[in-house]
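So the chains spell out like this:
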Amino acid sequence: MSSASTENVIIIGTGCAGLTAAIYTARANLKPLVIEGNQPGGQLTTTSEVENYPGFENGIDGFALMDQMRKQAKRFGTRFFQGYVKKVDFSQSSYVISTGEQEFRARSVIISTGAAPRLLGLESEKLLFGGGGVTTCATCDGAFYRDMDVVVVGGGDSACEEALFLTRFCSKVTLIHRRDQLRASQIMQDRVFASEKIEVLWDTVVDDILGAEEKAVRGVRLRNRKTDQVSELPCKGVFMAIGHIPNTQPFAGSLDLDDDGYLLPVPGSQVKTKIPGVYAAGDCVDHVYRQAVTAAGMGCQAAIEAERWLAEQES
Ligand code: NAP
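Definitions and cut-offs
- Residues numbered from 1 in each chain as written.
- Predicted model: local features only at pLDDT ≥ 70, side-chain atom pairs only at ≥ 80, totals over all residues.
- Heavy atoms only, no water.
- Buried < 20%, exposed > 50% of the residue type's maximum accessible area, 1.4 Å probe, protein only.
- Helix = DSSP H or I, 4+ residues; strand = E, 2+ residues; numbered from the N terminus.
- Right-handed = clockwise from strand over helix to strand, strands pointing away.
- Pairing = 2+ DSSP bridges.
- Near = heavy atom within 4 Å.
- Polar contact = N/O pair within 3.5 Å; in protein donor to acceptor, adjacent residues only side chain to side chain.
- Nonpolar A, V, L, I, M, F, W, Y, C, P; charged D, E, K, R; others polar.
- Domains from an automatic or database assignment.
- Patch = residues over 30% accessible without salt bridge, like charges linked within 9 Å, V, L, I, M, F, W, Y side chains within 5 Å.
- Areas by Shrake-Rupley, 256 points an atom, 1.4 Å probe, with all protein chains shown as cover.
- Salt bridge = Lys/Arg side-chain N within 4 Å of Asp/Glu carboxyl O.
- Lys, Arg positive; Asp, Glu negative; His and termini not counted.
- Charge placed at Lys NZ, Arg CZ, Asp CG, Glu CD.
- Contact = heavy atoms within 4.5 Å.
- Axes fitted to C-alpha atoms, helices over the stretch in contact; angles between N-to-C directions.
- Parallel < 35°, antiparallel > 145°, perpendicular 65-115°, else oblique.
- Left-handed = near helix turned anticlockwise from the far one by under 90°.

1. A closer look at the pairing of strand E11 (residues 149–153)
Then, number 1: Burial analysis of E11 places 4 of its 5 residues in the buried class, which makes it a mostly covered element.
Then, number 2: The parallel pair E11 and strand E12 (residues 172–176), bridged by helix H5 (residues 157–166), forms a crossover whose chirality is right-handed.
Then, number 3: As paired strands, E11 and strand E17 (residues 237–240) are joined by 4 bridges and run parallel to one another. Across the sheet, the residue bridging to Val-152 is Phe-239, located in E17.

2. With respect to the site of the ligand
Then, number 1: Taken together, 19 residues are adjacent to the ligand, and Asp-157, Ser-158, Arg-178, Arg-179 and Arg-183 come closest.
Then, number 2: Separating an oxygen atom of the ligand from a backbone N or O atom of Gly-155 is a distance of 3.0 Å.
Then, number 3: Taking Asp-157, its side chain carries an N or O atom lying 2.5 Å from an oxygen atom of the ligand.
Then, number 4: Counting residues per element, the shell around the ligand draws most heavily on H5, at 3 residues.
Then, number 5: Residues of the shell around the ligand, tallied by class, amount to 4 nonpolar, 9 polar and 6 charged.
Then, number 6: The two domains that each donate at least three residues to the shell around the ligand are domain 1 (6–116 + 244–314) and domain 2 (119–240).

3. Details of a positive patch on the surface
Then, number 1: Judged by side-chain charge, Arg-118, Arg-178, Arg-179, Arg-183, Arg-225 and Arg-290 come together as a positively charged surface patch.
Then, number 2: Among the secondary structure elements, Arg-225 is positioned in the loop between strand E15 (219–224) and strand E16 (230–234).

4. So, the environment of Pro-265
Then, number 1: Here Pro-265 lies in the loop between strand E18 (244–246) and strand E19 (278–280).
Then, number 2: A relative accessible area of 28% places Pro-265 in the partly exposed class.
Then, number 3: With 21 residues separating them in the primary sequence, Pro-265 and His-244 have C-alpha atoms 19 Å apart.
Then, number 4: Those residues in contact with Pro-265 that sit more than four places away from it in its chain are Gln-270, Val-271, Lys-272 and Val-285.

5. Some points on the sheet that holds E17
Then, number 1: Reading across the sheet, the 5 strands line up as E10-E17-E11-E12-E13 and stay open at both edges, with parallel pairing between neighbours. Here the strands that pair on one side only, and so sit at the sheet edges, are strand E10 (134–135) and strand E13 (198–201).
Then, number 2: Judged from the 5 bridges that link them, E11 and E12 form a sheet pairing that is parallel. Its bridge partner being in E12, Asp-149 is matched across the sheet by Lys-172.
Then, number 3: Taken strand by strand, H5 contacts E11, E12, E13 and E17, and its axis lies near 165 degrees from that of E11.

6. What about unusual backbone geometry?
Then, number 1: One non-glycine residue, Asn-29, lies in positive phi territory at about 65 degrees.
Then, number 2: Here Asn-29 is to be found in the loop between helix H1 (16–27) and strand E2 (33–35).
Then, number 3: Look at Arg-290: it is not a glycine, yet its phi comes out positive at around 50 degrees.
Then, number 4: Take Arg-290: its relative accessible area is 43%, and that puts it in the partly exposed class.

7. What to know about the sheet that holds E16
Then, number 1: Spatially, E14-E15-E16 is the arrangement adopted by the 3 strands of the open sheet, whose pairing is antiparallel. The sheet terminates laterally at strand E14 (204–210) and E16, the two strands that pair on one side only. The average undirected angle you get between the axes of adjacent strands in this sheet is 30 degrees.
Then, number 2: Bridging between E15 and E16 involves 5 bridges; their strand directions are antiparallel. For Arg-223, the partnering residue across the bridge sits in E16 and is Val-230.

8. Let's talk about the domain arrangement of the chain
Then, number 1: Domains assigned within the chain are domain 1 (6–116 + 244–314) and domain 2 (119–240).
Then, number 2: For domain 1 and domain 2, the distance between their C-alpha centroids amounts to 32 Å.

9. Re the packing of H1 against helix H7 (residues 292–314)
Then, number 1: At their nearest, the axes of H1 and H7 sit 7 Å apart, and the two run at 40 degrees to each other. By the angle between their directions, the pair H1 and H7 is classed as oblique. H1 and H7 meet at a crossing whose hand is right-handed. Between H1 and H7, the contacting residues are Cys-16, Ala-17, Thr-20, Ala-21, Tyr-24 and Thr-25 on the first element and Ala-292, Ala-295, Ala-296, Gly-299, Cys-300, Ala-303 and Ile-304 on the second.
Then, number 2: Per-class residue counts for the contact of H1 with H7 are 10 nonpolar, 3 polar and no charged.

Next up, the structure:
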């Protein structure tokens, strides 16, 4: 394992929060090092049109937005390292960040590791994930289901967005929601209800995904939670959109997490953790707003805090 010289600031993660922190700290001449993680660009790279990020009157493709942010960060001197942080040690004055193969040291750290899609936890889901027909990304995989029937599981904005996107390709989209009311914003609900291709199944859960033997989804076994009635619905694809789990495991021993695994900032701050010089921004800490623009805002806050912290250490 190699050990490098001490960085001013290491940013972990490259979603909106991490790249905004990179732009700010790079412009402050701190020469940030960004550790990219398993999904460079974060969750927005799997989104189609982003219509609510300010500055784009006609919306912008999620991948294009993240690509622009990365180039902007690079332009001011941000360096990128491809790797996944497995371990940290904040007990020493220069903080240690380790990917397993590579070890880094930094005076300050900005954690912006985002969140990963939640799954139901079914054995069949695991067996059929990816090429078998279970996926979490309509943008990535929707086109494979042209003229086929698919289901989307969930009742939030993501589920509605996925369902609407899939109507471009699929013959029918069934939205399966465990309650009798969607959690999604009104505008998304209106769009879902207006679509002739989408049917909503209320109070319904997926008990099993059928097709594990053939290694290809052929349907879902459903259960109505009010009547306990069990039924099977034939489909070729299952799109899971039931929320996210924060990517905070490497920090569990060093920082405070809430019951759902989100990093806990200290009272009175959105981005300061209990360790001085260590900040958290975006979906790994924010379970309330979870928007690209709020993540970017938190990345900016964390960068400014890191800059101040480093200046204080030198004075
Ligand atoms: P979410 O709002 O947390 O919704 C998750 C949905 O999955 C809920 O309907 C929940 O049901 C359901 N669910 C959770 N666990 C489940 C389980 N084990 N089995 C069955 N259903 C389950 O997550 P999200 O839709 O990913 O959205 C996250 C945030 O991003 C939100 O703030 C959202 O507004 C935002 N977002 C915005 C946009 C946009 O503005 N274009 C697009 C996507 C996401 P219950 O309702 O019963 O809890």
